[in-house]
Each structure stands twice: as structure tokens, then as C-alpha cells.
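A closer look at the structure
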Amino acid sequence: MDIREEYLKFFESKQHTRVPSAPLVPDDATLLFNNAGMVPFKSIFTGEVPRPKNPRATSCQTCIRAGGKHNDLENVGHTARHHTFFEMLGNFSFGDYFKEEAIAYAWEFITEVLHLDKDKLWVTVHESDDEAENIWKKHIAPERIMRLGDKDNFWSMGDTGPCGPCSEIFYDQGAEHFSGPEDYMGGEGDRFLEIWNLVFMQYEVKEKGGERIPLAHPSIDTGMGLERVVAIKEGALSNYGSSLFMPIIRKVEDMIGKEYVYASGASYRVIADHIRTAVFLLSQGVNFSNEGRGYVLRRILRRAVRHGYLLGFREPFMYKLVDILVDIMGDEYEYLLTKSPTVKEQIQLEEARFFKTIESGIALFNVELENTKKVFSGEVAFKLYDTYGFPLDLTQDMLKEKNLELDTATFETLMNEQKKRAKAAWKGSGDDAISGDFKALLEEFGPNEFIGYETTQSVSKVLALLDENFKRVARLDIGEKGWVLLDKTPFYAQSGGQCGDKGELKCRAKVLDTKTFFTLNISQIEVTSYIKEATNVDAIVDISRYEITKHHSATHLLHAVLSDVLGEHIAQAGSLVEANRLRFDFSHPKALSAEELEVIEERVNQLVAHAIEAKTEVLPIEEAKKSGAKSQFGEKYGDEVRVVSFADASVEFCGGVHVNNTANIGSFIITKESGVSAGVRRIEAVCGNAAYKYFCANRELLKEAQKEVKNLDVLAGIGRLKSNILELKSELKELQAGAQVEIKADDVNGVAIVIDELPSGDIKEKIDELKNQNDKLCAMLFQVKGDKVLIAAGVKGCEAKAGDWIKKIAPILGGGGGGRPDFAQAGGKDASKLPEAKEEARKFITEVLA
């Protein structure tokens, strides 16, 4: 049975609209990832936007709980039901049906579609919810209904907002399998498995700690974990024993040559869970990095690699599991197959890096081992965990082999401190959360019309004005900033990497930017006169729009050429299109060579020179997909999509503005190629007027270079300078050699004594030279360097010690030093005392040799 499809079909039969799974990266600034089925509908539940025409929806939403406020990471692999990635089946009512229908639908699906044994089903309701209990009594025996308090059966979106009691459905997996002290209905054991949560949103809290106010239109939000239901239907007592996970575990068994045993198989389960999370995130455009979502992705993959290390893997292996996952889930999520070659490369690269880190961690472990008698340092164990990614159990296993214990108390203290810091530092996605009077505007006017494909100016009516906090106002006066909603607007709103249009409302306001909020295209303005609602204005897009179109069309050509030159694995990972530059991020495992960049730049310019006409079509989405047009994951497409093509050279889904002909681009110059993160490269380029300015700047740079080298042929001038430098170096060497002072030696009891000043050259080398010339020698040389004095002493073939000698003399010059009996050196600060130092040096060594 395809439970996912059966669920969605069932609720479609109940007049629900099937909604595709939203991207894992949400349109919600407070969340790192979509972590529940209701997240894509949050703005509807909170009243920020009006209810859809059909107030019923159903979905199978991919979710991640790993990082931020909702984090199941540390439990994964050690319990039967925790996952970082999971699918949540849900049905939703936006002020339409309520408890009666929600409970009836749930019971019908569980008993008549899934055919679960009614004698194994239990339900809970909130302790105050008589209504829900009475409805449930129509379906299930009263003794199978349990009342619980707020902790278990009351749901709220946050300190404020919609909230309400909930009812959970449980499945009894049997006392014969689970008989622990917590295996009772309401306990923490695994015998009674929660499979479906029905949330009855019937209240709203206006302020933290405030009273619960009944909602005029109560709503329904339900969530059922697909993995749990699949396991139940397949008779598996753990989610990991189902067909969603076992093929991955079996592949790991084959690769490592060790049998999977549930009781000791946590590492297998971690790997099976984490490969799902990594592949979905990478396929949806999240890349490995050291911050935000990319860092969560990196932690997840490295945690899986650590567990692979425990099993015995010593080289990348996770990437070999991608094809198995595609076999399991690729039919439902087609992009997994499309992206799999790139994803495998990215995972393999990240694994290889981490296996090197693991080896470094072992080296640190061995160093600390030498200092350990009985108890291994908790601080080092934590460093192994925190810096090198070592799980605690790996460190403990290594210590057991040495019959050593671990200072776990210190480790736990440091771990708890880190968790507190991480919790305190987490601030969501890092974006600003936007709220304002958007719902009222949508209810009054609906989405406004964008006419910017056809024209860059129009006479438009001001439907509404908003202040800087998005609160509606009737008027904005000179000097004030705010936002304007026009009935029809030529201003393009920031989307798909293209920046929002600027311009003016003639004689009224400057247009600083344009963005979309909840389907409303609104422009940010700075008022130059005054502006009121319900007045007509001349809306004029800034001339920079033409330069934006050049860079946008060039980005499409660049994308197409990259795929041709580097391979079909190229996938867009981000872009920025502005009037004076473009930036394109793409998946590729290594830096591009100078030759590759030359070919890419030349190919794009050839397409520009061929003067290819642009063609724009609005097609049904399935027809557009069949045409081979490239699409960007995470972009929201409707039933119909806009396709922009330049003959066969480039065909893409795109809602942006473009040139009419590639010749309008003018020229295309790559200015930089760099790395963004593991497996992602970035090309920056300029077109049109920006390319001309780039050329002018480089021409000026060339002129400056010509002046500096005094030659119109810069390379010839540089060659001449190099030749001059070589000549000067040769002359300097000759001068230094000629400036060498002849040093005379005195004899004291058969020992050559040299005490002198060397104006230039290396005094250490000179002492070595003197040693080679004499069997017995005591030499001390001085050299003045600015306001400092260098001193070196050398002794050969006699009882004197160079270190003692230099310690006696250096203080005279205001310095200090020391060294070996045969050689010592020092520095001084007072060159005026040099005659005294020489005299004392001779006196000291004469007495020693006497």
C-alpha cells in the first residue's frame, strides 16, 4: 500500500485541495527548517493573509528537526521513532469544518483505509475538552479514551497567537513486545505509539500570559508521521525496521561486512536517517557551510561519518547510499534523481575532508594518552567531540582498549555549557520577520497587477499607503518613507535573484525598492511632495532597468554555457542580478581553470553576438517541464509558468525581465571566480554599461602602468625593470664583497684572537670563515645596525666559552644574550659604548687564556 498516496486521495475525496510539499527552507524568518506540516499554512492560521477559496487542504510535507528550537538530533538512532528528516501527512481546515469532521475523517481513514485493528487503538483528549470526548465516543469505547493535561494535549504556536486542545491517536504495539515500567497508556515507553495528532485551534492569546479568547472561525491542523504508519502496516516495531530504512541499512551491512543487530545497531540507524536529511537538503539547494542551515547540514553528515568510523569505515562511504535512497523515494520526489550526481560529489568531498579530521583527532588522543595514568581528561574528550567531531562513545571505546576511565563529569559540564550558549545564540534564520496590514489589503483589493513586462511607465491609482512598519496610513508627507500599493504597477518586485525596481512617482516620491509581501507587489518610497490614497500617479521605472535586463539575460546564457562546458551536473545554487553586476552560484566540485573561464566567457559572448531573439511563453507547468526548461528548486510555480528562451541556447522558467535580443547585452566579462562552500562555485560578471566601465577602469590602469614603467609596451617595460634589478643586485654583491674589511688576528698563547667591527655582511658567516682559517680561535665581532649593535662570538680549540664571554660583554652595550661554548650571539642598544666593549672583550679573553 502506498500510504502517502492513499492519504492524499482520501482527503481529496473529502473536498481537500492537495498541496505539494513546500521546500525544507521555509518562508518564515523564525525557523531554520520546515518542522511540521502546518508551517507552510502558518500565515493563514495567524490571519496574516485571507483564507484560500477552498478552506480545506491536505499535504505530505517533508520536515526536518535538527537545530534551532526543534532538535531531535541527539535522540536519532537511540530510539525507535526519532528522525532528523521525516514526512508529515496532514489535513487542514481554515475556519471550515471542526472537531466532528476531523475526528470522523481520522477514524475512517485509520479503520477503513489503513484497516488498523480497532482493538489496538486508543485516543487522548484534553482534560477540559468534553466536546471532543463525546464525539470520540461515537467511534471508540469510552474506556479507550484518556484525558490528559496541557503538557500532553494542548497546542500553541507560541506565547501568543492561535492555540487549542488536541486529541492524539495511539496504536498499541503489544505487551508481548514492550513491558517496561513506562509502557502504559500515557507513559514514555514505545508500546503505545502516537500516530496522529488532531489540533483544534479554537482560541487565540493576544499577549503573553493572557487569557484564551475563542476564535470566530476555529480551524483544524492535523499531523501523522508517515514513517510510524508505514512501520505499523509492515509489522515493524521500529520505524527503522520498515521499507523506508532497511534497504539503506542492508547496503551499509554489505559495505562494511558486519551484520546489523538492532540492540547494538544505533550507528546503522544514524547513518540511515542522516543520509535522508543530507540528500534532501543538498537536492533542495542547501550547501555545506560553517553557519546557519549549511552548518546543520555539515553536522548531520559528519555525525553519520563518525558512526561509520565506529563501524570500521576509513574512507568515504555515505555517497554510495544516495542511489538506494533515490530508489526508495525518487518516484515521489523526482528532483532526487535529477540532483543525485551532484549530491554524490558534494557528499564524497565533505566525507573526505572529515576523515582527515578524524585522523587529526586520533593524534590528539594519543598525545593526551601519554599524560594519562588512570582517568582521561574530560576537557580533551570534549575538544575531540567539539573540534574534531568525535562522539563520546568512540573516545570511550578507545579508552576501554587501554583499561582507562574518562572524566565524564567534566565532559558533561562543558557539554551543557555549550548547549546553553547555542540556545542563547540561536535567532532563527537571521532574516527579519515581516508583519503588517497585508491581510486587510488582500481582502479589500486582492493581488495587484504587474504590467512591467509590457511597459516601464503607467498612470496608476494609489490603492493604499503603508508606513515603514507596514501599517496602513491615509497619507505620507514630504520627507517620510513608507510603502505604496498601486492598482497596476510597472515596478518589478525582487524575486528569483533579480533586484527590485527603483524609479519615481512623478512629482510625488522616489521609488527606492520594490518587493512582494503575501502576493502584494509594493514599492518602498521616499516622499518628495505628499501622496494620498485614491489618487492617480505617474509611475516611472528608473532607466537602470535596462541594465538589469542585460545582466539577467546574460545570467541565463551563462547558466546554459556552464552546463555545456562543465557538464549536466551544474545546478543553480543562487544568483544576484543588479544593474551593474551579476553573480551566479552553481554546483561544481572544484575551481575553474583559467582555460575553462576563457572558454565560458567566449561562448557567452558568441551567443550575445549571434543576436538571438528572446521568446516568452506562458505554459501549463507540465508542458513547460516536458519542454526541457530549467527550473529553480524552491521557487513557487503556479499551474501556469512563464518560460523565457533564447532559441535553443537557453530555456528557463523565469518571472524576471529580459532583453528582447541577446545583442542588447553588449558584452559579457567575467570579473571573478571563487568558492562559496564545499562543492559550490561562484562566477561574477558585468555586462552592458558596467562592462564598458570595467573596460575603462582597466584602460586607466594600463595607462598608469605605462607611466610607471615608462614604456607604452608594459610587458617590455616590466622586462627592462627586471633586467635592471638583476644588474643592481649583481653590483650590490660586488660592492659588499669589496667593502669587506681585512681582519687581523692577535696571538695569545697560540690562540688567534679577533676582536673587531664588521661594517657589512653576515657576522656569523665571518666567524665560521675565521674558524676554518684557524685551528685555535677566540673571535668576537660587532656590527652596528641603525641604533642597535649585533654581537657574535666564536671559540675553537681552546678552554674559553663563547657563551660566558658574550654574557660579560653584551651588558656594556645595554643588551644581553648567550649561547653554546663554541658559538654565542647577542644584541645591544648603545653603540656609543662600542670602544669600551671591545676593550673589555680583549681584557676578558686574555685573562681566560693566560
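Our subject is the structure that appears above.
Residues numbered from 1 in each chain as written. Predicted model: local features only at pLDDT ≥ 70, side-chain atom pairs only at ≥ 80, totals over all residues. Heavy atoms only, no water.

Remarks on helix α15 (residues 438-445)
Counted only if it meets this: Burial here depends on accessible area, computed with a 1.4 Å probe over protein chains only, as a share of the maximum for the residue type. Under 20% is buried, over 50% is exposed, and the range in between is partly exposed. Counting from the N terminus, the helices are the DSSP runs of H or I reaching at least four residues and the strands are the DSSP runs of E reaching at least two. In this description, the arc belongs to the directions extending from the helix axis to the C-beta atoms. Residues are treated as being in contact if the distance between any of their heavy atoms lies within 4.5 Å.
Of all the residues in α15, the buried ones are Phe438, Leu441 and Leu442. Projected onto a plane normal to the axis of α15, the buried residues spread over an arc of 100 degrees and lie on a single side. Contact partners of the buried residues in α15: β13 (457-466), β14 (472-473), β16 (481-486), β19 (509-517) and β20 (520-527). A positive backbone phi angle near 75 degrees is found at Gly446, which sits one or two residues after α15.

Description of the packing of aromatic side chains
Note the following rule: Aromatic contacts are taken between Phe, Tyr and Trp rings whose centres are within 6.5 Å, Trp giving its six-membered ring; a plane angle under 30 degrees counts as stacked, one over 60 as edge-to-face, and the others as tilted. Only Lys NZ and Arg CZ are tested; either one counts as a charge over a ring when it is within 6 Å of the ring centre and within 35 degrees of the ring normal.
Under the criterion given, the structure shown has 37 aromatic pairs. Relative to Trp136, the ring of Trp107 lies with its centre 6.2 Å away and its plane at 80 degrees, an arrangement referred to as edge-to-face. Of this pair, Trp107 sits in helix α3 (residues 99-113) while Trp136 sits in helix α4 (residues 130-136), and the two are 29 residues apart along the sequence. Comparing Trp107 with Trp136, the two get one shared label, buried. Taken together through their ring pairs, the aromatic side chains of Tyr7, Phe10, Phe11, Tyr97, Tyr105, Phe109 and Trp196 make up a single cluster. Here the basic side chain of Arg508 rests over the ring of Tyr530, its NZ or CZ set 5.0 Å away from the ring centre. Positioned above the aromatic ring of Phe823 is the side chain of Lys764, whose terminal nitrogen or guanidinium carbon lies 5.4 Å from the ring centre.

Quick look at the pattern of salt bridges
Inclusion rule: In the sections that follow, a salt bridge refers to a side-chain nitrogen of Lys or Arg positioned within 4 Å of a carboxyl oxygen of Asp or Glu.
Counted according to the given criterion, the structure contains 39 salt bridges. As a salt-bridge pair, Arg18 and Glu12 come within 3.1 Å of each other at their nearest N and O atoms. Its relative accessible area of 30% is what places Arg18 among the partly exposed residues. Between Arg147 and Asp130 there is a salt bridge, and its shortest N-O distance comes to 2.5 Å. In this pair, Arg147 sits in strand β5 (residues 145-148) while Asp130 sits in helix α4, placing the two residues 17 residues apart along the sequence.

Details of the nonpolar core
How we decide: Nonpolar cores are built from buried Ala, Val, Leu, Ile, Met, Phe, Trp, Tyr and Cys residues. Side-chain atoms within 4.5 Å join them into one set.
If you look at the biggest cluster of nonpolar residues, it comprises 111 residues, and the most contacted ones within it are Trp136, Ile169, Ile195, Trp196, Met318 and Ile347. Looking at which element gives the most residues to this core, the answer is helix α11 (residues 335-370), with 10 residues. Excluding residues within four positions of it along the chain, Met318 makes contact with Ile271, His274, Ile275, Leu301, Ala304, Val305, Ile347 and Glu351. Phe41, Met201, Ala464 and Phe470 belong to the second-largest nonpolar core, a separate cluster that totals 29 residues.

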